[in-house]
Amino acid sequence: MRADRTGPPRGRQKEADRNDERILRAAREVFAEHGWDAPVSEVARRAGVGMGSLYRRYPAKEDLAQALRVEGMNELASLARTAMADHLDPWTALVAFLRATLSATDTGSLLPLIGGRLPATDEVDAADDRLRTALDVLVDAAHRSGALRPDFSSADLLLLLAHLNARLPTTTERAVELHLRYLDLVLSGLQSPARTGIQPASPPDWSELRDLWNSP
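Residues numbered from 1 in each chain as written. Predicted model: local features only at pLDDT ≥ 70, side-chain atom pairs only at ≥ 80, totals over all residues. Heavy atoms only, no water.

S.K.: How would you sum up the overall build of the chain? Please name residues and give values.
M.R.: Secondary structure assignment for the chain yields ten helices and zero strands. Counting across all 216 residues of the chain, residues that qualify as buried make up 39%. Contacts in the chain between residues far apart in sequence, at least 24 positions, make up 75% of those at least 6 positions apart. Carbon and sulfur atoms make up 51% of the accessible area of the chain, which amounts to about 12,500 Å² in all. (Helix = DSSP H or I, 4+ residues; strand = E, 2+ residues; numbered from the N terminus. Buried < 20%, exposed > 50% of the residue type's maximum accessible area, 1.4 Å probe, protein only. Contact = heavy atoms within 4.5 Å. Areas by Shrake-Rupley, 256 points an atom, 1.4 Å probe, with all protein chains shown as cover.)

As structure tokens, this is what we get:
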């Protein structure tokens with residue numbers, strides 16, 4: 001006797017998954033380039049799907065933005081875990097994470113989308129917890145090794161990436177080169193002990209960081 005099947009046929013599900021990937025990739029580009037006010041019709045056009053396909057998966061623009069928000073946090077958390085797994089030295093792992101994030105233009109373009117003006121959901125909160133845990137592990141290890149200045153926090157890490165990943169009016173390749181150049185200049189100030197003689201303001205905590213991301 002044939003078992004009952006639930007859900008769409010396998011071929012149709014694969015096609016839906018491919019469409020979803022195209023939609024998210026296109027939405028990432030469109031929102032990164034034009035901000036939250038970009039029309040979803042442009043997302044559908046770049047993805048090569050009809051508006052019906054887009055709306056079946058994401059009935060409202062906010063649903064699409066939230067999906068990108070979660071995807072961005074998950075990808076950054078994955079990069080942090082990979083850096084820790086690939087490098088025994090905590091400072092090297094921290095630097096590898098920063099360089100990987102700024103070099104991977106697809107991931108870098110998600111930084112402005114991590115926050116936004118949308119309310120948190122259970123899925124967003126779970127992704128936020130995963131990201132915070134991954135970055136805390138990365139930063140805490142660098143602190144314990146004595147390589148990272150003690151007043152630098154994991155919340156600092158996200159804000160630093162946002163500053164370093166500013167959109168530049170040049171080619172993608174040159175933008176990555178410049179982002180990495182400024183990262184190299186910043187890294188000397190992150191090492192402990194800092195020799196600049198400058199006492200910076202207190203670092204943000206995660207509560208303040210959320211307020212910054214969610215401010216209009």
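S.K.: Explain the nonpolar core to me, and be specific about the residues and the numbers.
M.R.: Ranked by size, the top nonpolar core spans 37 residues in total, and within it Trp-91, Leu-94, Phe-97, Leu-98, Leu-135, Leu-148 and Leu-157 carry the most contacts. Those elements that place two or more of their residues in this core are helix 4 (61-86), helix 5 (90-103), helix 7 (122-144), helix 8 (154-164), helix 9 (172-190) and helix 10 (206-214). In terms of residue count, the dominant contributor to this core is helix 7 (eight residues). Setting aside residues no more than four positions away along its own chain, Leu-148 makes contact with Trp-91, Leu-94, Val-139, Ala-142, His-143, Leu-190 and Ser-192. (Core = buried A, V, L, I, M, F, W, Y, C linked by side-chain atoms within 4.5 Å.)

S.K.: How would you explain the environment of Glu-71 if you had to name every residue and give the values?
M.R.: Within the secondary structure, Glu-71 sits in helix 4. Counting along the chain gives 53 residues from Glu-71 to Val-124, while the straight-line C-alpha distance between them is 9.4 Å. A distance of 2.8 Å separates the side chain of Glu-71 from the side chain of Arg-28, its partner in a polar contact. (Polar contact = N/O pair within 3.5 Å; in protein donor to acceptor, adjacent residues only side chain to side chain.)

S.K.: An account of the environment of Leu-168 is requested, with residue identities and associated values reported.
M.R.: Within the secondary structure layout, Leu-168 lies in the loop between helix 8 and helix 9. When the C-alpha atoms of Leu-168 and Leu-178 are compared, they prove to be 9.0 Å apart, with ten residues separating the residues in sequence. Leaving out residues up to four positions away in the same chain, Leu-168 has contacts with Ala-175, Leu-178 and His-179.

S.K.: Tell me about the pattern of salt bridges, and please be specific about residues and values.
M.R.: Applying the stated criterion across every chain yields a total of ten salt bridges. Of the charged contacts, one joins Glu-75 and Arg-28 as a salt bridge, the two residues approaching to 2.9 Å between their closest N and O atoms. Of the two residues, Glu-75 sits in helix 4 while Arg-28 sits in helix 1 (residues 10-34), which places them 47 residues apart along the sequence. The exposure class assigned to Glu-75 is partly exposed, which follows from its relative accessible area of 24%. Given the relative accessible area of 7%, Arg-28 is considered buried. Arg-132 is the partner of Asp-136 in a salt bridge, and the nearest nitrogen-oxygen pair spans 3.6 Å. With Asp-136 and Arg-132 both in helix 7, this residue pair falls four residues apart, about one helical turn. Overall, Arg-132 belongs to the partly exposed group, its relative accessible area being 38%. (Salt bridge = Lys/Arg side-chain N within 4 Å of Asp/Glu carboxyl O.)

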